[in-house]
Amino acid sequence: MKHTAGKVAAEVLEHWDIKHIFGLPGDSINNFVEHLRVQKERIEFIQVRHEEVGALAASSYSKLTGKIGVCLSIGGPGAIHLLNGLYDAKADRAPVLVLAGQVPTDKVGHDAFQEVHLEKLFEDVSVFNQRVSSPESFPSLLDQAIRKAYAEKGVSVLIIPDDIPMEQIEGYTPNLTETTSVSKQIPSDEDLDAGLKYIKEAKKPVILAGTGANKARDELVRFAEKIAAPIIFTLPAKGTLPDKHPYNLGQLGQIGTKPAYEAMEETDLLIMIGTSFPYRDFLPDKAPAVQIDLDPSQIGKRYPVTVGIVGDSSIALQKWNDQLPMKEQRTFLKECQENMVNWWRHIEKEENQVSSPIKPQEVIPKLQEVVDDDAILSVDVGNVTVWMARHFKITHQKFLISSWMATMGCGLPGAIAGSFAYPGRQVVTVCGDGGFTMVMHDFVTAVKYDMPIIVVIMNNQKIGMIKYEQEEQGHLEYGTDLENIDFAAFARACGGEGYRVSDHRELSDTFKKAAREKKPVIIDVIIEDQPPLPGKITYGQAAGYSKHIMKKFFKEHEIDMPPLRKALKRLF
Ligand SMILES: Cc1ncc(C[n+]2csc(CCOP(=O)(O)OP(=O)(O)O)c2C)c(N)n1
Ligand SMILES: [Mg+2]
């Protein structure tokens, strides 16, 4: 029996248990959207106001659930809008499927209206990138695209010329092989033994765990206990263990904690598990290193690794745990734990220095009081990331961020995705005023779909992180001021609820009110612009900052710069 190719393709999506598609319909994709309309009881199409939000939501959905995220656009301008979200998926290795429209097959290559060479456009971002060339191949190519995205943890693009979905084809039997649960990769005994030798000899081992350790939580804790090693988590792995877990030293790097920085300086063995931590400067100078990763190309990528182990981290850790006694010498771990107790004391002191204007450090713990244990936390990029990384003490919440691409504007799309992926769970996003304005049009999407998300805007009327970077590099601030938008009024104009807080005494009550709302709500918190100083300040940072202070002083007092520039050069 014959069916339209679009109907059969929609069944393939259903077969892969795809429940949500984020996108915006239009000319070159309408013929496929018509088939989604027919299928709407089983696959929900979520209309966004900007395709970038659709792609970021698809990427976030994938990061949260481990299932493929799907986004849809017309060809030309719609497809171009997707790119930033797709690069986020590529960078964070999240399987995503793109269904992009295209001009009809017989117009391709004729400079048709809105025609863009989509294969070229998507080439760099994708692991699979094909234009459907016949109605018959539409379902099987779609199946291939999904398989590839899962297998290579990347972006698959299917370009669908407008004529294809309405053509009649013979029925297609979906390929029923289960491929989402790839069998576990077993590390070699030889490599494990070589690693174990270093682990047994180490007096001050430190574990750096990334998202690759997520599924090995129990084995990881047991391993840390046995070898008496503290664990530092990369930012996207925040939440693998509660922040107050006795072995957790928090994050590393500019956003990180002082105890993590110091542990890295002191360690005599770095054990990296499922991470490709990007900042070489925050890793030890020359300690030996053992690294476990599923992907052989990650081994030794950014740090000279002594023993590389390719395979599943839960298996590797389990095997080591079986062979390791409980270490007797635990002084280094104890020191790190004491440092961490002091660090939390320091953090809590900062949080308690209450005042108006509101300090960002006070906002996060007050927000935390109303955040559920199983909430979804979507965090945007900026100083706001540091405040959340440091001051939100994760218990069991899911932490979501654009970690490798670090694109501003990821917070709200992540919250939208979280609401669809986990209906009934509380969803909170914390954004800077800069990041939020990049995607604020899609607050109406939350209103339209009745999602009671909580949006907290840390409103410093600046792209604060860039101001801080400029100062740290010894420059004067430039191009960083933002207009003072009343985001609470905007929320109400969209049909949501909005509160503006500028007095710290109102913070707690406002968050409580927001948590009871049935509508999406924005809490616009007017904060003091503060530099998020790193846990440990390096000489270079201090020198750069001093240079900035001097330049600022001379500018404010209208002192002639050229002779001073010479003097400054001599100083730094
Ligand atoms: C799309 C994009 N553009 C530019 C940047 C560079 N960038 C990183 S943080 C930041 C400032 C963020 O400002 P805001 O959202 O107000 O947060 P704040 O730092 O003030 O807390 C900028 C411009 C980026 N990461 N992503
Ligand atoms: Mg800001």
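Analysis parameters
In this numbering scheme, every chain counts its residues from 1 along its sequence in written order. Whichever chain is written first becomes A and whichever ligand is written first becomes 1, with later ones labelled in order. The model is predicted, so local features are restricted to residues of pLDDT at least 70 and side-chain atom pairs to those at 80 or more, both for listing and for counting; the totals for chains, interfaces and linings are taken over all residues. Water and hydrogen atoms play no part in the side-chain values, which are based on all heavy atoms of the structure. Donor selection uses N, O and S atoms within 2.8 Å of the metal (3.2 Å for Na, K and Ca). Since no water is included, sites may look incomplete. Each residue is assigned to one of three classes by its accessible area relative to the maximum for its type, calculated with a 1.4 Å probe on protein chains only: buried under 20%, partly exposed between the two thresholds, exposed over 50%. Two rings from Phe, Tyr or Trp (for Trp, the six-membered ring) form a pair when their centres sit within 6.5 Å of each other. Planes less than 30 degrees apart are called stacked, planes more than 60 degrees apart edge-to-face, and all others tilted. Comment: elements are numbered from the N terminus, with helices defined as DSSP H or I runs of at least four residues and strands as E runs of at least two. Criterion for a charge above a ring: Lys NZ or Arg CZ within 6 Å of the ring centre, and within 35 degrees of the ring normal. The contact rule is simple, with two residues in contact once any of their heavy atoms fall within 4.5 Å. Two N or O atoms count as a polar contact when they lie within 3.5 Å, although within protein this holds only if one can serve as hydrogen donor and the other as acceptor, and sequence-adjacent residues are included solely when both atoms are side-chain atoms. Paired strands, in this sense, are two strands between which DSSP finds at least two bridges. Between N-to-C directions, angles span 0 to 180 degrees; the directions come from axes that are lines fitted to C-alpha atoms, helices contributing only their stretch in contact. Nearness here has a simple test: a residue counts as near a molecule or strand if at least one of its heavy atoms is within 4 Å of that partner. The protein chains shown are the only cover counted for residues, whose accessible areas, like all others here, come from Shrake-Rupley with a 1.4 Å probe. In these notes the angle categories are as follows: under 35 degrees is roughly parallel, over 145 is roughly antiparallel, 65 to 115 is roughly perpendicular, and the rest is oblique. Definitions for this section: a left-handed crossing has its near helix turned counterclockwise from the far helix by less than a right angle. A right-handed crossing has that turn clockwise. Note on residue classes: Ala, Val, Leu, Ile, Met, Phe, Trp, Tyr, Cys and Pro are nonpolar, Asp, Glu, Lys and Arg are charged, and everything else, Gly too, is polar.

## Brief notes about the coordination of the magnesium ion (ligand 2)
Listed as protein donors to the magnesium ion (ligand 2) are Asp-433 (OD), Asn-460 (OD1) and Lys-462 (O); their distances from the metal cover 2.0 to 2.1 Å. One chain supplies every donor for the magnesium ion (ligand 2), spaced along it as D-x26-N-x1-K. For the pair Asn-460 and Lys-462, a shared accessibility class is recorded, and that class is buried.

## Let's talk about the packing of aromatic side chains
Throughout the structure, instances matching the rule amount to 11 aromatic pairs. Here the aromatic rings of Phe-223 and Trp-320 are separated by 5.5 Å at their centres, their planes lie at 25 degrees, and the arrangement is stacked. On the criterion of sequence distance, the pair formed by Phe-223 in helix α8 (residues 217-227) and Trp-320 in helix α10 (residues 313-323) is long-range, its members being 97 residues apart. Judged by its relative accessible area of 0%, Phe-223 is buried. Pairwise contacts between aromatic rings join Phe-22, Tyr-61, Phe-420 and Tyr-449 into one cluster. The cationic tip of Lys-197 hangs over the ring face of Tyr-198; the distance from NZ or CZ to the ring centre is 5.3 Å. The lysine or arginine in question, Arg-425, covers the ring of Tyr-422, its NZ or CZ lying 4.6 Å from the ring centre.

## As for helix α9 (residues 258-266)
Burial in α9 covers these residues: Pro-259, Ala-260, Tyr-261, Ala-263 and Met-264. Considering only its buried residues, α9 is in contact with β9 (205-209), β10 (231-233), β11 (269-273) and α11 (331-352). N-capping of α9 is provided by Thr-257, with a side-chain oxygen placed 3.1 Å from the backbone N of Ala-260.

## Points about the sheet that holds strand β16 (residues 427-432)
Reading across from one edge, β15-β14-β16-β17-β19-β18 is the order of the six strands in this open sheet, with parallel pairing throughout. Both outer strands of the open sheet, β15 (398-400) and β18 (497-501), are each paired with one neighbouring strand and no more. Averaged over neighbouring strand pairs, the angle between their axes works out to 15 degrees when direction is ignored. Contacting β17 (454-459), β18 and β19 (521-526), helix α19 (residues 507-516) runs over the sheet at an angle of about 165 degrees to β19.

## Points about the site of ligand 1
Contacts to ligand 1 come from 18 residues, most closely from Asn-383, Asp-433, Gly-434, Gly-435 and Gly-464. Here a nitrogen atom of ligand 1 sits 2.9 Å away from a polar atom, N or O, in the main chain of Ala-406. Within the backbone of Met-408, an N or O atom sits 3.1 Å from a nitrogen atom of ligand 1. Computed on the free molecule, ligand 1 has an accessible area of 590 Å², of which 79% lies beneath the protein chains in the complex. For the shell around ligand 1, the elements supplying multiple residues, two or more each, are α13 (383-391), α15 (433-437) and α17 (464-472).

## Let's talk about the sheet that holds strand β13 (residues 307-310)
Read across the sheet, five strands follow the order β10-β9-β11-β12-β13 without closing on themselves; strand pairing throughout is parallel. Of all the strands in the sheet, the pair left with one neighbour each is β10 and β13. Between one strand axis and the next, the sheet turns through 15 degrees on average, direction left out of account. Sheet topology note: the β9/β10 ladder contains three bridges and is parallel. Counted as the bridge partner of Ala-209 is Phe-233 from β10. Most of the contacts of α8 go to β9, to which it runs at about 165 degrees, and overall it touches β9, β10 and β11.

## Comments concerning the environment of Pro-284
Turning to its location among the elements, Pro-284 is positioned in the loop between β11 and β12 (289-293). Note on Pro-284: relative accessible area 4%, which makes it buried. Distance from Pro-284 to Glu-266, taken between C-alpha atoms, is 7.7 Å for residues 18 residues apart in sequence. In this view, Pro-284 contacts Met-264, Thr-267, Leu-270 and Tyr-303; residues no more than four positions away in its chain are not counted.

## Focus on the packing of helix α12 (residues 360-368) against α13
In contact at an axis separation of 9 Å, α12 and α13 are set at 55 degrees when each is read in the N-to-C sense. Taken together, the axes of α12 and α13 are oblique relative to one another. Seen along the crossing, α12 lies across α13 with a hand that is right-handed. Two secondary-structure elements touch here, α12 through Pro-360, Gln-361, Ile-364, Pro-365 and Gln-368 and α13 through Trp-387, Met-388 and His-391. The class makeup of the residues in the contact of α12 with α13 is five nonpolar, three polar and no charged.

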